[in-house]
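For reference, the chains in residue letters:
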Amino acid sequence: MNHSSAARTKVVSKPGNHLLDTIRTIRVEVGDGLSDDEFTWLLQQDELPVETGFAFLCYCERFVTLSVPYQELADWYPEKGWIMSAKERIARTIAEKYGLSLCEPPDMQSPWLGSSNPHHHLQLSYQQESVIVIHPQYLKICLFIATSPTQPARISHKPLLLGPDLLPDLSKLYQV
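Reading the values: the criteria
Residues numbered from 1 in each chain as written. Predicted model: local features only at pLDDT ≥ 70, side-chain atom pairs only at ≥ 80, totals over all residues. Heavy atoms only, no water. Salt bridge = Lys/Arg side-chain N within 4 Å of Asp/Glu carboxyl O. Helix = DSSP H or I, 4+ residues; strand = E, 2+ residues; numbered from the N terminus. Buried < 20%, exposed > 50% of the residue type's maximum accessible area, 1.4 Å probe, protein only. Axes fitted to C-alpha atoms, helices over the stretch in contact; angles between N-to-C directions. Parallel < 35°, antiparallel > 145°, perpendicular 65-115°, else oblique. Left-handed = near helix turned anticlockwise from the far one by under 90°. Contact = heavy atoms within 4.5 Å. Nonpolar A, V, L, I, M, F, W, Y, C, P; charged D, E, K, R; others polar. Pairing = 2+ DSSP bridges.

J.: Mind showing me how you'd approach the pattern of salt bridges here?
T.: When the charged atoms of two side chains with opposite charge come close together, those side chains can pair. Applying the stated criterion across every chain yields a total of 7 salt bridges. Residue Asp-165 is joined to Lys-97 by a salt bridge in which the shortest nitrogen-to-oxygen separation is 3.9 Å. In this pair, Asp-165 is assigned in the loop between strand S8 (157-159) and helix H4 (166-171) and Lys-97 in helix H3 (residues 85-98), connecting sequence segments 68 residues apart. Given a relative accessible area of 48%, Lys-97 falls into the partly exposed group. A cluster of three or more residues bridged by salt bridges with shared partners is formed by Lys-97, Asp-165, Asp-169 and Lys-172.

Take a look at the structure:
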């Protein structure tokens, strides 16, 4: 018998569970009955693990957005140029390890007038699809990849499994 006063059981991560695996598993368990907003609200009620400084913020369109440790923008952006070369080298190493391509798109498609040096971020892609967005203020990771370019993503997607070392590898970009 269901009681409206019964507390909802929290999904508590088990020792050894990784943040991305936990979120992916919960998404599969709850199915498509929740919108991305509802799923985000559900996860915000749960005791999700914090892994290597990354914590859950939201879920939207197959991507999870994570908070990152505080970053000084001067550690990411030179006075002139796109991204510090040290950060680019780390990202390139990560891209090679996971078989991804690296690019540095601008943060804004149309920077405001007078912006002489618009900021860029790092983006790792699999085939034609962006799967990781690395920014000094957030980290965005694809948990499910489209399997068909012609069907809606909710119908045709599969888990994107990059492995348990992904967040520890990405954390190297956010170490001071």
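J.: Teacher, can you tell me more about the packing of helix H1 (residues 19-30) against helix H2 (residues 36-45) here?
T.: The angle between the axes and the distance between the axes are what describe a pair of packed helices. Packing of H1 against H2 brings their axes to within 11 Å, and their N-to-C directions diverge by 125°. Classified by the angle their axes make, H1 and H2 are oblique. Relative to H2, H1 is oriented so that their crossing is right-handed. For the pair H1 and H2, contact is made by Ile-23, Ile-26, Arg-27 and Val-30 and by Asp-36, Phe-39, Leu-42 and Leu-43, respectively. Taken together, the residues of the contact of H1 with H2 sort by class into 6 nonpolar, no polar and 2 charged.

J.: Explain the pairing of strand S5 (residues 129-135) here, please?
T.: Note on strand geometry: in a regular strand, side chains alternate between the two faces of the sheet. Within S5, 7 of the 7 residues are buried, which leaves the element mostly enclosed by the surrounding structure. Once strand S4 (residues 122-126) ends, the chain turns through 2 residues before running back antiparallel as S5, passing Gln-127 with a positive phi of about 55°. Here S5 pairs with strand S6 (residues 138-142) via 4 bridges, running antiparallel. The partner of His-135 across the bridge, within S6, is Tyr-138. Here S5 folds back onto S6, and the loop between the two strands holds 2 residues.

That's the geometry; what it means functionally is another story.
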